[in-house]
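Take a look at the letters that make up each chain.
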Amino acid sequence: MRDEVDGLVEAWRTERPDLDVEPLQVLSRVSRLARHLDRARRTVFTRHGLEPWEFDVLAELRRSGSPYELSPGRLLRATLVTSGTMTNRIDRLAAAGLVRRFPDPADKRGVLVRLTGEGRERVDAALADLLVYERSILGTMPRRDRDRLAALLRGLLAPLDEPPGASRG
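Nothing here was measured: the structure is a model prediction, and the numbers come from that model. (Residues numbered from 1 in each chain as written. Predicted model: local features only at pLDDT ≥ 70, side-chain atom pairs only at ≥ 80, totals over all residues. Heavy atoms only, no water.)

### A closer look at the pairing of strand S2 (residues 99-104)
Here is the rule: Pairing between strands is defined by DSSP: at least two bridges between them are needed. The helix count covers DSSP runs of H or I at least four residues long, the strand count covers runs of E at least two residues long, and both are numbered beginning at the N terminus.
With six bridges connecting them, S2 and strand S3 (residues 107-115) associate as antiparallel partners. Its bridge partner being in S3, Asp-104 is matched across the sheet by Asp-107. Between S2 and the antiparallel strand that follows it, S3, lie two residues.

### As for the side chain of Glu-60
Definition in use: Any two residues whose heavy atoms approach within 4.5 Å at even a single point are treated as in contact.
Inspection of the secondary structure assignment puts Glu-60 in helix H3 (residues 52-63). Those residues in contact with Glu-60, other than ones at most four positions away along the chain, are Leu-70, Leu-75 and Ala-78.

### Some thoughts on H3
Rule in force here: Helices are assigned an expected span. That span is 1.5 Å times one less than the residue count. Residue exposure (1.4 Å probe, protein chains only): buried if accessible area is under 20% of the type maximum, exposed if over 50%, otherwise partly exposed.
Its twelve residues give H3 an end-to-end C-alpha distance of 16 Å, which sits within 8% of 16 Å, the value for a rise of 1.5 Å per residue. Extensive coverage of H3 is indicated by the burial of nine of its twelve residues. Within H3, burial applies to Pro-52, Trp-53, Glu-54, Phe-55, Val-57, Leu-58, Ala-59, Glu-60 and Leu-61. One or two residues past the end of H3 sits Gly-65, with phi positive at roughly 85 degrees.

### Here we look at the UniProt feature "domain: HTH marR-type" (unreviewed entry) in the chain
Under the convention used in this document: UniProt positions are given in the numbering used here, feature names are shortened, and annotations may be inferred rather than shown by experiment.
Residues annotated in UniProt with the feature "domain: HTH marR-type" (unreviewed entry) correspond here to residues 23-158. Note that residues 23-158 is 71% helix and 12% strand, and that its end C-alpha atoms are spaced 18 Å apart.

### Concerning the pattern of salt bridges
How we decide: Whenever Lys or Arg places a side-chain nitrogen within 4 Å of a carboxyl oxygen from Asp or Glu, that contact is recorded as a salt bridge.
Under the criterion given, the structure shown has 13 salt bridges. In this structure, the salt-bridge partner of Asp-6 is Arg-29, at a minimum N-O distance of 2.8 Å. With a gap of 23 residues between them, Asp-6 in helix H1 (residues 4-15) and Arg-29 in helix H2 (residues 23-47) connect regions that are remote in the sequence. Of the residues examined, Arg-29 reaches a relative accessible area of 27% and is grouped as partly exposed. Ionic pairing is found between Arg-101 and Asp-91, a salt bridge with its closest N-O pair at 2.5 Å. Pair noted here: Arg-101 is in strand S2 and Asp-91 is in helix H5 (residues 83-95), with a separation of ten residues, a long-range link. We classify Asp-91 as partly exposed; its relative accessible area is 38%. Here the salt bridges do not stand alone but share partners, grouping Asp-3, Asp-6 and Arg-29 into one network.

### Quick look at the pairing of S3
Bridge count between strand S1 (residues 69-70) and S3: two bridges; the pairing is antiparallel. Within S3, the position partnered with Glu-69 by the bridge is Arg-114.

See below:
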């Protein structure tokens, strides 16, 4: 079985025999897969009236458990965006009726962002559709291969997900 990456690796080996292009074997495939998944996710989310970033914020709130609320700081750390970007996103989600802001009882100056019923319904429906699609992608791969692939990708991703300055020892 061949894929697009096989062709590009061969071409680079021909054009740049002085370079070891072996990393492309893995990382170009991961990159291409990410692009395919991004397109599919956009399609699924659009059916539910959501942008990918909206799904990310709503999903983080949904996963937090009842009452489905988090501080803006917690949301920005989870979604890897800046404070200004998160403020804008919360404003837009609140205007759409998908989240509400509440005073933080533990911090008089702080606020909490809470998922509304509409936000919960949308993120739940989008997740269900997304899982149908993603399950179809993995459908022909044996369970042990999926588990092994997940473990290998975790080993690659975990160091990249560490906060800046964290010890990698």
